[in-house]
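Take a look at the letters that make up each chain.
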Amino acid sequence: MPRVNRTVVLSLLIVSSCVFLLFQLHYYRKYVSKQTGLHILSPAGHLTASEAQWQQTLKKFLALAQRFRLPLFLADTAALSLLSQDALLQRDRSLREPHCSFLCTNRPITSFALHANLWKYNPGFLLAAQQKGFELLELRGDDPRLASLDTLSGQDIPLHLLLRLHSYVIHVVFLYERSGNYLWHGALRLRATMDRGFAPFKLLDYGRHPGAYDRPDLVLTVLDGLDVRVPRNISRFLVQQQRAHFLECNHRNARNFLQLYPDDASAAAVEFRRKVKALLHLAARTLAGLDVPFWLSSGTCLGWFRQCGVISYSRDVDIGIFITDFRSDIIAAFADAGLSLKHKFGKVADSLELSFLSSDVKLDVFFFYEDGGVLWNGGTQARSGRKFKYVFPRFTLCWAELLELKVRVPCETLDYVMANYGATWSVPVRSWDWKSSPSNVQENGVWPLDEWAELIQVY
């Protein structure tokens, strides 16, 4: 039997170990290190050069923010997604070495939101930032809170601020309080003369469209050795960020419409609009308590889209709810809120419709069903049992404001309105038959007579 050369075996083991270590290093660099938020300290326990530079950039910015008392909070989706309740409670105490575990997210951008109404705009902040080496790009736009006032023009406000240092960008989003007790930010739109290479704009969390948020409760914590405010309920804030798209009512078109068709200024019409506002606010609070999202539908949606208000001769409030969001305690919740059930048509599996009464104003709740590439809601004629179907193209939901209330509307509002009211939607129609006037109405059979007691309930 040939004798084994120990030197050769040892050499082979050393070579094999080196190859394996090189493979591990290659795998980490190619795959693991690219995963968002995974950062490992160097063997000496120090930051990498890139992390240290990024952390110093953030440290400079936050020091300036504290000096000028900017009411900031961390709004960066990548950083917030890394946070857990344990991380907030420990406040970085378990990490004694320099680190950048939360704010260094392998993205060259970190986003902060600023409560604009809580800060008196100080141009000295911009000068101080430039003196610290930051390059600045400020984007301004029209103040939507003044859009309904035709006599005011040229009123613009800061919407976004980008600060760049060492190829890193800090994005500050200005949040403004709106009359519906919510926070709003504008879209980020570059003028022709602006540097489109200033920042990787496609990576920004905010600015592709205006957004609306509930006012978050904030908590001060320590992230990577830096004092930072964050939303107390991070998960809720991240969900809101994904669904924040806001549509502004077109006040110019509304003014043009009202010049052609002046609004009813009678005492009865004014009182009706007051009742509609009260009913809509009550419905919103009730459904929010059930965590049931809704949107403006039918004539209420048309009123918002066409004239930024209420159609005074409509005599009711119309809202839509996806049937997948139906809850069996909706009727009881409305009853507890003081609304009496006027009628209940259909069933959860088919053409459900509820109607409630508040004083002499009716709240119609239409439940929407999915059928292939379309959505539809049902209608029932009580005396005959005839069924109707109203078909809409698929749509998504955006936030809007009506009667000082943040409400949802179909993002594809024009398509939604045209489906219901046709190409002449901009012309008022006072005589309206719900069984034949809508452009999207279809006959949908008749309810079986032996099921009327269950499916056609009128109170």
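Just above, that's the structure.
As a starting point, this report considers the structure included with it. What you see is a predicted model; the values in this text were computed from it and never measured.

Let us now look at the pairing of strand β17 (residues 397-401). Counting buried residues in β17 gives four out of five residues, a clear majority hidden from the surface. The turn linking β17 back onto strand β18 (residues 406-410) is made up of four residues, and Leu403 within it adopts a positive phi angle of 55°.

On the surface, a cluster of nonpolar side chains totalling about 280 Å² of accessible area is made up of Leu260, Tyr261 and Val427. When its relative accessible area of 65% is taken as the criterion, Leu260 is described as exposed.

Moving on to the packing of helix α9 (residues 298-307) against helix α11 (residues 413-421). The geometry of α9 relative to α11 is characterised by a closest axis approach of 10 Å and an angle of 130° between their N-to-C directions. Considering their axes alone, α9 and α11 lie oblique with respect to each other. The handedness of the crossing between α9 and α11 is left-handed. Contact with α9, carried on its side by Ser298, Gly299, Cys301, Leu302, Trp304 and Phe305, involves Thr413, Leu414, Tyr416, Val417, Asn420 and Tyr421 of α11 and no other residues of that element. Looking at side-chain class alone, the contact of α9 with α11 contains eight nonpolar, four polar and no charged residues.

With that out of the way, let us pick up the state of the cysteines. For the structure on display, the rule yields two disulfides. A sulfur-sulfur distance of 1.7 Å marks the disulfide that ties Cys249 to Cys308. Given an S-S torsion of about -95°, the disulfide between Cys249 and Cys308 has left-handed geometry. Of this pair, Cys249 sits in the loop between α6 (234-242) and α7 (251-260) while Cys308 sits in the loop between α9 and β11 (316-322), and the two are 59 residues apart along the sequence. A disulfide bridge connects Cys398 with Cys411, and the sulfur atoms are separated by 2.0 Å. Torsion about the S-S bond of the Cys398 and Cys411 cystine: about 110°, corresponding to right-handed handedness. One end of the pair, Cys398, is in strand β17; the other, Cys411, is in the loop between β18 and α11, and 13 residues separate them in sequence. For Cys398, a relative accessible area of 1% gives the class buried.

To continue, consider empty space enclosed by the protein. Applying the stated criterion across every chain, the model contains two cavities of 30 Å³ or more. Considered as a void within the structure, the largest cavity measures approximately 50 Å³ in volume. As for the largest cavity, its lining consists of Val276, Gly299, Thr300, Gly309, Val310, Ile311, Ser314, Asp316 and Val317. Among the secondary structure elements, those contributing two or more residues to the lining of the largest cavity are α9 and β11. Put simply, the second largest cavity is a space of about 40 Å³. Every residue along the wall of the second largest cavity is listed here: Ala75, Ala113, Val173, Leu175, His185, Tyr206, Tyr213 and Phe237. Residues of the lining of the second largest cavity, tallied by class, amount to seven nonpolar, one polar and no charged.

A few words now on the layout of surface pockets. By volume, the largest pocket is sized at about 1,000 Å³. In terms of lining residues, the largest pocket is bounded by 32 residues, among which Asp214, Pro293, Trp399, Lys406 and Arg408 are the most central. Of all the secondary structure elements, the ones that give two or more residues to the lining of the largest pocket are β7 (211-213), α6, α8 (267-289), β17 and β18. Tallying contributions element by element places α8 first for the lining of the largest pocket, with five residues. In terms of residue class, the lining of the largest pocket is built from 18 nonpolar, six polar and eight charged.

Parameters at a glance
- Residues numbered from 1 in each chain as written.
- Predicted model: local features only at pLDDT ≥ 70, side-chain atom pairs only at ≥ 80, totals over all residues.
- Heavy atoms only, no water.
- Buried < 20%, exposed > 50% of the residue type's maximum accessible area, 1.4 Å probe, protein only.
- Helix = DSSP H or I, 4+ residues; strand = E, 2+ residues; numbered from the N terminus.
- Pairing = 2+ DSSP bridges.
- Patch = residues over 30% accessible without salt bridge, like charges linked within 9 Å, V, L, I, M, F, W, Y side chains within 5 Å.
- Areas by Shrake-Rupley, 256 points an atom, 1.4 Å probe, with all protein chains shown as cover.
- Salt bridge = Lys/Arg side-chain N within 4 Å of Asp/Glu carboxyl O.
- Axes fitted to C-alpha atoms, helices over the stretch in contact; angles between N-to-C directions.
- Parallel < 35°, antiparallel > 145°, perpendicular 65-115°, else oblique.
- Left-handed = near helix turned anticlockwise from the far one by under 90°.
- Contact = heavy atoms within 4.5 Å.
- Nonpolar A, V, L, I, M, F, W, Y, C, P; charged D, E, K, R; others polar.
- Disulfide = S-S within 2.5 Å.
- 1 Å grid on protein atoms, 1.4 Å probe; cavity = no way out; pocket = protein on both sides within 12 Å on 5 of 7 lines; lining within 4 Å.
- Points joined across faces, edges and corners; volume = space filled by probe spheres on them.

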